[in-house]
Amino acid sequence: MLLSPSHTFPITFYFTAMTLFEKLRCLFTFGQGVALPLPDISSQTNPIQLFNQWFNDAIKSGILLPESMSVSSCDKNGQPSSRMVLLKEFNDNGFVFYTNYASRKSQDLTENNKIALLFHWNVLQRQVRIEGVVEQVTREQSEKYFHSRDRGSQIGAWASKQSSPLANKEELQKQEAFYSEKFAGQEIPLPEFWGGWRIKPHYIEFWQGRANRLHDRICFQRENIENETQKDQNNLWRQFKLNP
Ligand SMILES: Cc1cc2nc3c(=O)[nH]c(=O)nc-3n(C[C@H](O)[C@H](O)[C@H](O)COP(=O)(O)O)c2cc1C
């Protein structure tokens, strides 16, 4: 199955409830290591398509914010740091989130483009680990996403000097009032300092909880990124398993 060029998450997905049977199975197996069966994984399985299946399972399960993920970056001294963000798009080109380009994470990523993502869908007993490098998305793409947000969030992006020290709450409220007035009655422009990062993965691991801690770990390592345009997408990935 080929993914559409840009997988976004229509809100209707959130209302695709699990069947009663699926809910009961999740309820009664939580913590016992007997979760959803692994989908068919052949040597030809594409990890982005597998991620799509797991992501849809997570949406169906009713987990709040299934698109939330941990992002880990490293500063120039090698000090790692992690925080949660929201995944806004994924496809064969990578995984995209949006943030302030002057924030701590963005400063790290500008100095060191290596990144790790982590999803944990607890009721499904699944995690997905992703490692790769980042690049900024185009300004056009950031603009499109920025303008899809509600007005309050757009003002918030202008008002917050993300990750800079804040003297007190009033300072932030003043900034919010300032930009609300400044942009009153007009379209709010995308700030220069705000936009998306795309993670281009070279390692994706799917972890499925199993009984007796004998979990499944199915890993995909991307080979030879330089030559990717010459190859079939599936052959770019070497698949292997790891001990739990
Ligand atoms: C569930 C959740 C989702 C979040 N989504 C985002 C996001 O998409 N972009 C963002 O900049 N911060 C997001 N945040 C806030 C970040 O976790 C973090 O506090 C902020 O980006 C500053 O991080 P930094 O100082 O390491 O750059 C989210 C927090 C939570 C708990």
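The structure displayed is predicted, hence computed values, not measured ones.

Definitions and cut-offs
- Residues numbered from 1 in each chain as written.
- Predicted model: local features only at pLDDT ≥ 70, side-chain atom pairs only at ≥ 80, totals over all residues.
- Helix = DSSP H or I, 4+ residues; strand = E, 2+ residues; numbered from the N terminus.
- Buried ≥ 20, exposed ≤ 12 C-beta atoms within 10 Å, placed from the backbone.
- Arc of directions from axis to C-beta.
- Contact = placed C-beta atoms within 7 Å.
- Near = placed C-beta within 6 Å.
- Nonpolar A, V, L, I, M, F, W, Y, C, P; charged D, E, K, R; others polar.

Asker: Would you mind going over the environment of arginine 213 in detail, with residue names and values included?
Answerer: By the secondary structure assignment, arginine 213 is in the loop between strand 7 (194-208) and strand 8 (216-222). Along the primary structure arginine 213 and proline 244 are separated by 31 residues, whereas in three dimensions their C-alpha atoms are 7.3 Å apart.

Asker: Let's hear about helix 3 (residues 104-111): which residues, and what values?
Answerer: Lys105, Ser106, Asp108 and Leu109 are the residues of helix 3 that are buried. For helix 3, the arc enclosing every buried residue in end-on projection is 155°, short of the 170-degree limit, so these residues lie on one face. Buried residues belonging to helix 3 abut strand 1 (68-74), strand 2 (80-86), strand 4 (94-100), strand 5 (114-121), strand 6 (126-136) and strand 7.

Asker: Summarise the environment of valine 134; cite the residues concerned and give the values.
Answerer: With respect to the secondary-structure elements, valine 134 resides in strand 6. Between the C-alpha atom of valine 134 and that of asparagine 113, which follows or precedes it by 21 residues, the distance is 5.3 Å. Setting aside its immediate chain neighbours within four residues, valine 134 contacts Leu109, Asn113, Ile115, Trp197, Arg198 and Ile199.

Asker: Account for the site of the ligand, with residues named and values stated.
Answerer: The full set close to the ligand counts 16 residues, and Thr99, Ser103, Arg104, Lys105 and Ser163 are the nearest of them. At the level of elements, strand 2, strand 4 and helix 3 are the ones that each hand at least two residues to the shell around the ligand. Sorting elements by how many residues they give to the shell around the ligand places strand 2 first, with five residues. In terms of residue class, the shell around the ligand is made up of six nonpolar, seven polar and three charged.

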